[in-house]
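Below are the chains, spelled out letter by letter.
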Amino acid sequence: MPANLPPEYFEVEKRYREAKAPAERIEALEQMLAVIPKHKGTDKLRADLRRRVSKLKSKQQAKKATSRGDVGYRIDREGAGQIVLIGAPNVGKSALVAALTNAAPEVSNFPYTTRIPTPGMMRFEDIQIQLIDTPPIIREDVEPWFLDMVRRADVVLLVVDVTADPVQELEDTVVLLEEKRIAPLRLAQLYEGRQGWTFRPALVVANKNDNASAQENFQIFKDLLEDDWSMVAVSATTGRNLAVLKQMLFERLQIIRVYTKVRGKALERNAPFVLKKGATVEDLAGKIHKDFVDKFRFAKVWGNEVYDGQMIQRDYVLKDGDIVELHV
Ligand SMILES: Nc1nc2c(ncn2[C@@H]2O[C@H](COP(=O)(O)OP(=O)(O)OP(=O)(O)O)[C@@H](O)[C@H]2O)c(=O)[nH]1
Ligand SMILES: [Mg+2]
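Parameters at a glance
Residues numbered from 1 in each chain as written. Chains lettered and ligands numbered in written order. Predicted model: local features only at pLDDT ≥ 70, side-chain atom pairs only at ≥ 80, totals over all residues. Heavy atoms only, no water. Donors = N, O, S within 2.8 Å, 3.2 Å for Na, K, Ca; no water. Helix = DSSP H or I, 4+ residues; strand = E, 2+ residues; numbered from the N terminus. Core = buried A, V, L, I, M, F, W, Y, C linked by side-chain atoms within 4.5 Å. Buried < 20%, exposed > 50% of the residue type's maximum accessible area, 1.4 Å probe, protein only. Contact = heavy atoms within 4.5 Å. 1 Å grid on protein atoms, 1.4 Å probe; cavity = no way out; pocket = protein on both sides within 12 Å on 5 of 7 lines; lining within 4 Å. Points joined across faces, edges and corners; volume = space filled by probe spheres on them. Nonpolar A, V, L, I, M, F, W, Y, C, P; charged D, E, K, R; others polar. Arc of directions from axis to C-beta. Pairing = 2+ DSSP bridges. Axes fitted to C-alpha atoms, helices over the stretch in contact; angles between N-to-C directions. Near = heavy atom within 4 Å. Polar contact = N/O pair within 3.5 Å; in protein donor to acceptor, adjacent residues only side chain to side chain. Areas by Shrake-Rupley, 256 points an atom, 1.4 Å probe, with all protein chains shown as cover. Salt bridge = Lys/Arg side-chain N within 4 Å of Asp/Glu carboxyl O. Domains from an automatic or database assignment. Buried area = accessible area lost by both parts, 1.4 Å probe.

### Quick notes on the coordination of the magnesium ion (ligand 2)
Within the first shell, the magnesium ion (ligand 2) binds the protein through Ser-94 (OG) and Thr-114 (OG1), at distances of 2.0 to 2.1 Å. Of the two residues, Ser-94 sits in helix α4 (residues 93-100) while Thr-114 sits in the loop between α4 and β2 (118-124), which places them 20 residues apart along the sequence.

Following this line, the structure appears as structure tokens:
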């Protein structure tokens, strides 16, 4: 069967032949693999390329293990929560981070564009949420730092491309994570009793939903999925549903915003304190100053579920949007 290779293949192949450093050769091979169409005629070629990649990788790994200090990447949490975007090559992770945050990661129609994780801050109403763009997740190369980043994230976004093969992309990512004992939070009960697992809140983001035909693909994708994922169809290019995505992310983070008021001053929403859902006035006092916890006498609250200036005690459970006047 003829292989019918696209012209890009020959471009990257040329780069492969010219590449000297192992990392460059691996990169070129991976790009070759990504542009080769998947059919019977290319089975052998793909298998051969994969073999070459893994050979080079194992050589590199051996080197890495001996060179000290190579611990990978770790991005400190900033803002009201840390959300990591993961997925197959070219699905639009970087485009989403560029559209949603102040960061400008490189976006290109070439798979394997992103090489290192890049954080950006996303504004949601009056708070900032951190999003992290990551290199594509692929079987041959899941590094420990990447898994740690996923395990530590408050929410994991599984990004797929509705115009490509979203079912496969999602399955590949989920299977890979499961092999590393990471699973979506909603499965935690199902997996009860298993040791060493990490469960993270997850959301499927079906990107490139630019038009009616993409929307049809999204419907098919939803129908084909056996599991009950929470998901949203968006377009990084047109901006479609990005506001919905932001709202969903805020809800997923399970946080509340609480404003403080000084006695005798007017009610106004200053910069909020961000607390976990279920937090009490005592938690708020502790966040302001630890002395406030001991010296707390009572507080007054203005909000949706209370009457204005209602007197509350330290065990009052705060709601998103509450304005609190602490009396110490
Ligand atoms: N039509 C359309 N194209 C998009 C959309 N989002 C991203 N793209 C395009 O898809 C290609 C890949 O986008 P990237 O953001 O670089 O993809 P990525 O997932 O970061 O890719 P890697 O870094 O290789 O893993 C680029 O050509 C983007 O312009 C979208 O919503 N609609
Ligand atoms: Mg990218």
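Alright, that's what it looks like, and here's the rest.
### Details of the nonpolar core
Formed by 31 residues in total, the largest nonpolar core has its most connected members in Leu-158, Leu-170, Phe-221 and Trp-229. With residues up to four places along the chain from it excluded, the contact list for Leu-170 reads Leu-158, Val-160, Val-204, Phe-221, Leu-225 and Trp-229. Leu-100, Phe-124, Ile-127 and Val-159 belong to the second largest nonpolar core, which has 28 residues in total.

### Side note on empty space enclosed by the protein
The full count for this structure, using the stated rule, is 1 cavity of 30 Å³ or more. Its volume calculated, the largest cavity comes out at about 80 Å³. Of all the secondary-structure elements, those providing two or more residues to the lining of the largest cavity are β4 (155-161), α6 (166-179) and β5 (182-184). For the lining of the largest cavity, the per-class residue count stands at 10 nonpolar, no polar and 2 charged.

### A look at helix α9 (residues 281-288)
Among the residues making up α9, those that are buried are Val-281, Leu-284 and Ala-285. For α9, the arc enclosing every buried residue in end-on projection is 100 degrees, short of the 170-degree limit, so these residues lie on one face. Buried residues belonging to α9 abut β9 (255-260), β10 (273-276), α10 (290-295), β11 (298-302), β12 (310-312) and β13 (323-327).

### Some thoughts on the sheet that holds β13
Whenever strands of a sheet pair, they do so through backbone hydrogen bonds, lying parallel or antiparallel. Spatial strand order, β10-β9-β13-β11-β12: 5 strands in an open sheet with mixed pairing. If you trace the sheet from one side to the other, it starts and ends with β10 and β12, each paired once. Mean inter-strand twist for the sheet, computed between neighbouring axes without regard to direction, equals 40 degrees. When β11 meets β13, the two strands line up antiparallel, connected through 5 bridges. From the neighbouring strand, Ala-299 faces β13, where its bridge partner is Leu-326. Where α9 meets the sheet, its contacts fall on β9, β10, β11, β12 and β13, and the angle it forms with β10 comes to roughly 135 degrees.

### A word on the site of ligand 1
Residues in close proximity to ligand 1 total 22 residues, the closest being Lys-93, Ala-95, Tyr-112, Thr-114 and Asp-210. Between an oxygen atom of ligand 1 and a main-chain N or O atom of Asn-109, the distance comes to 3.4 Å. Take Thr-114: an N or O atom from its side chain is 2.8 Å from an oxygen atom of ligand 1. Out of a free accessible area of 650 Å², ligand 1 has 86% covered by protein chains. Tallying contributions element by element places α4 first for the shell around ligand 1, with 3 residues.

### Observations regarding the pattern of salt bridges
Within this structure, the stated rule accounts for 18 salt bridges. Here Arg-17 ties to Glu-13 by a salt bridge, and the two come within 3.9 Å at their closest N and O atoms. Of this pair, Arg-17 and Glu-13 are both found in helix α1 (residues 7-18), 4 residues apart, which corresponds to roughly one turn of the helix. In this structure Arg-17 comes out as exposed when scored by relative accessible area, which is 57%. One salt bridge in this structure joins Asp-48 and Arg-51, with 3.9 Å as the shortest N-O distance.

### Section: the environment of Phe-296
With respect to the helices and strands, Phe-296 occurs in the loop between α10 and β11. C-alpha of Phe-296 to C-alpha of Ala-271: the two residues are 25 residues apart in sequence and 22 Å apart in space. Sequence-distant contacts of Phe-296, defined by excluding residues within four places in its chain, comprise Val-281, Ile-312, Gln-313, Arg-314, Leu-326, His-327 and Val-328.

### Considering the domain arrangement of the protein chain
Annotation of the protein chain at the domain level lists domain 1 (7-64), domain 2 (82-253) and domain 3 (255-327). Facing 6 residues of domain 2, the contacting portion of domain 3 comprises 6 residues. Each partner contributes to the roughly 600 Å² buried at the junction of domain 2 and domain 3, and carbon and sulfur atoms together form 53% of this total. Seen at the junction of domain 2 and domain 3, the total is 4 residue pairs in polar contact (both at pLDDT 80 or more).

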